[in-house]
Amino acid sequence: MEIKTRFAPSPTGYLHVGGARTALFSWLYARHCGGKFVLRIEDTDRERSTQPAIDAIIESMKWLNLSWDEGPYYQTKRFDRYREVIAQLLKEGKAYKCYCSKERLEQVRADQMKQGLKPRYDGHCRDDHSEHSPDEPYVIRFKNPQTGTVAFDDMVKGHIEFQNSELDDFIIQRTDGTPTYNFCVVVDDWDMGITHVIRGDDHVNNTPRQINLYKALGAPVPVFCHLAMILGDDGAKLSKRHGAVSVMQYREDGYLPEALVNYLVRLGWSHGDQEIFSREEMIRDFTLDAITKSASGFNTKKLDWLNAHYMKTLPPEEVGAELLWHLKRQGLSEEAVKAGPAPEAVVKAYCERTHTLKEMAQKARCYYADFDSYDEKAVKKWIKEGSVSVLEQAGSVLKALPEWNAQAIDKALEDLAAKLEIGMGKVGQPLRVAVTGAAVSPGIGDTMVLCGRERTLARIARACEAFSK
Ligand code: GLU
């Protein structure tokens with residue numbers, strides 16, 4: 001049997017880390033089994049679903065590199081199919097029209113509460129065959145079995161059993177004719193051949209209703225795997241209050257997708273005490289029985305640590321491709337980026353010196369575009385009497401250099417410092433300020449190579465002018 005999993009987000013907002021973890025686990029399980037992964041957009045709630053949310057989900061999935069084999073399917077494009085299944089259920093007497101008014105339902109509810117009962121539909125229209133005028137509004141309810149139990153063996157939570165008497169006849173079609181979530185999800189998972197439903201445990205209580213529906217349809221019941229939720233570092237349910245929660249916000253903050261994916265895989269899954277996993281290792285080792293039952297806590301420090309790891313260890317070209325996105329976000333044009341150093345060269349020079357790609361792009365901006373002002377503290381500390389003369393002499397030495405590489409530059413400047421009988425700091429630091437606007441950068445030779453010869457010389461000249469005043 002081919003294993004098939006799906007990720008089925010409701011596009012009511014951005015993709016948050018909880019959703020991304022669900023997507024990752026579903027994707028990993030499909031890849032581990034050599035099966036298929038489906039992306040399905042559950043957009044039947046037309047009021048709350050938006051196109052920007054759909055776009056954000058797809059963009060996030062692409063950025064995380066969670067590729068799907070089928071879809072995206074849209075539930076709003078499947079209404080004919082839902083209508084067909086509902087008609088069938090009505091015909092077979094497995095569903096019925098319910099004409100109960102809002103007032104009646106509220107009354108039933110109030111009475112049940114008064115008696116200390118769990119509020120639920122009382123089945124009033126289940127066997128009501130009285131005539132109704134065609135324009136009288138109704139919903140369609142599923143005839144849930146009234147006796148017995150419904151049970152399933154959740155891959156994470158173990159055996160779960162509900163009494164059918166606790167479940168009521170849930171609505172499968174609203175008064176406006178639109179189908180409901182619990183209904184569509186079953187028809188979709190059936191039609192799409194989903195074998196394993198991996199989702200958040202906020203859906204555990206929907207599962208018995210859905211199983212009864214599968215059975216009424218004569219459809220195979222998939223395996224269920226409900227993931228415990230993610231908590232913030234303070235133990236409360238993860239929310240905006242804990243900082244970034246949307247996947248794209250992590251991108252904007254300068255995290256690598258590999259770092260976030262590696263971080264997410266360990267949120268509720270383990271393989272010995274291993275922390276760092278390549279994609280191949282994750283796919284190879286991921287199994288559902290190693291998912292933890294308890295909620296997992298989000299730990300930003302660990303994510304930072306993983307990000308630093310991947311910035312240093314992934315191929316610089318790969319990190320550079322992501323840096324490019326950040327450079328453009330710094331307001332740099334396509335031409336400016338093309339005319340500057342290759343992003344991978346920046347990665348090599350800065351991966352040990354910065355914590356995020358956002359920071360790296362901010363620091364590297366000076367290699368692609370001129371800066372407007374010098375860092376005041378750096379100027380105060382390093383630009384002294386005589387600095388302009390040092391800068392001028394360094395400018396001449398550098399202009400005359402036969403080749404433009406870090407070694408040659410470093411050597412020429414060391415020779416100049418020796419000739420002037422001053423420490424290298426008194427040469428290198430004013431030059432750093434002149435070239436980058438600040439006093440911190442990689443080795444001076446590397447810095448100048450990144451900046452390029454022409455730009456370096458122009459900046460030295462510009463600094464001489466600025467600092468002579
Ligand atoms: N659309 C549901 C949600 O976003 C998920 C449904 C499911 O996975 O079964 O919560």
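Residues numbered from 1 in each chain as written. Predicted model: local features only at pLDDT ≥ 70, side-chain atom pairs only at ≥ 80, totals over all residues. Heavy atoms only, no water.

(A) Representation of the packing of helix 3 (residues 79-91) against helix 5 (residues 181-191) in the model. Close contact between helix 3 and helix 5 brings their axes to 11 Å; oriented N to C, the two are set at 105 degrees. In this view, helix 3 runs roughly perpendicular relative to helix 5, as classed from their interaxial angle. Across the interface between the two elements, Arg-81, Tyr-82, Val-85, Ile-86 and Leu-89 from helix 3 touch Phe-183, Cys-184, Val-187, Asp-188, Trp-190 and Asp-191 from helix 5. (Axes fitted to C-alpha atoms, helices over the stretch in contact; angles between N-to-C directions. Helix = DSSP H or I, 4+ residues; strand = E, 2+ residues; numbered from the N terminus. Parallel < 35°, antiparallel > 145°, perpendicular 65-115°, else oblique. Contact = heavy atoms within 4.5 Å.)

(B) Representation of helix 11 (residues 316-329) in the model. Taking 1.5 Å as the rise per residue, helix 11 with 14 residues should run 20 Å; its terminal C-alpha atoms sit 20 Å apart, in good agreement. Taken as a whole, helix 11 has its buried residues at Val-319, Gly-320, Glu-322, Leu-323, His-326 and Leu-327. Of the residues one or two after helix 11, Gly-331 is the one with positive phi, at around 90 degrees. (Expected span 1.5 Å × (residues − 1). Buried < 20%, exposed > 50% of the residue type's maximum accessible area, 1.4 Å probe, protein only.)

(C) Region of interest: the pattern of salt bridges. For the structure shown, the criterion picks out 27 salt bridges. A salt bridge links Lys-4 to Glu-70; its shortest N-O distance comes to 3.0 Å. Within this pair, whereas Lys-4 is found in strand 1 (residues 4-7), its partner Glu-70 is found in strand 3 (residues 70-74), the two being separated by 66 residues in sequence. Its relative accessible area of 11% is what places Lys-4 among the buried residues. The salt bridge involving Glu-42 is made with Arg-40; its shortest N-O contact spans 3.0 Å. The burial state of Glu-42 is the same as that of Arg-40; both residues are buried. (Salt bridge = Lys/Arg side-chain N within 4 Å of Asp/Glu carboxyl O.)

(D) Looking closely at the packing of helix 16 (residues 387-400) against helix 18 (residues 425-436). At a closest axis distance of 10 Å, the pairing of helix 16 and helix 18 adopts a crossing angle of 85 degrees. On the basis of the axis angle, helix 16 is roughly perpendicular to helix 18. Here Ser-387, Val-390, Leu-391 and Ala-394 of helix 16 lie close against helix 18, whose contacting residues are Lys-426, Val-427, Pro-430, Leu-431 and Ala-434. Residue composition of the contact of helix 16 with helix 18, grouped by class: seven nonpolar, one polar and one charged. (Nonpolar A, V, L, I, M, F, W, Y, C, P; charged D, E, K, R; others polar.)

(E) Molecular detail of empty space enclosed by the protein. Taken as a whole and assessed by the stated rule, the structure comprises two cavities of 30 Å³ or more. Here the second largest cavity is characterised by a volume of approximately 40 Å³. Every residue along the wall of the second largest cavity is listed here: Arg-21, Phe-25, Leu-227, Ala-228, Leu-267, Gly-268, Ile-291, Thr-292, Ser-294 and Ser-296. Residues that form the lining of the second largest cavity fall into these classes: five nonpolar, four polar and one charged. (1 Å grid on protein atoms, 1.4 Å probe; cavity = no way out; pocket = protein on both sides within 12 Å on 5 of 7 lines; lining within 4 Å. Points joined across faces, edges and corners; volume = space filled by probe spheres on them.)

(F) View of the layout of surface pockets. What the largest pocket holds in volume is close to 1,000 Å³. For the largest pocket, the lining is made up of 38 residues, of which His-16, Gly-18, Gly-19, Asp-202 and His-203 are closest to its centre. Listing elements by their share of the lining of the largest pocket, those giving two or more residues are strand 1, helix 1 (17-33) and strand 9 (196-200). When residues in the lining of the largest pocket are grouped by element, the largest group, four residues, is from helix 1. Looking at the lining of the largest pocket, its residues break down into 14 nonpolar, 13 polar and eleven charged.

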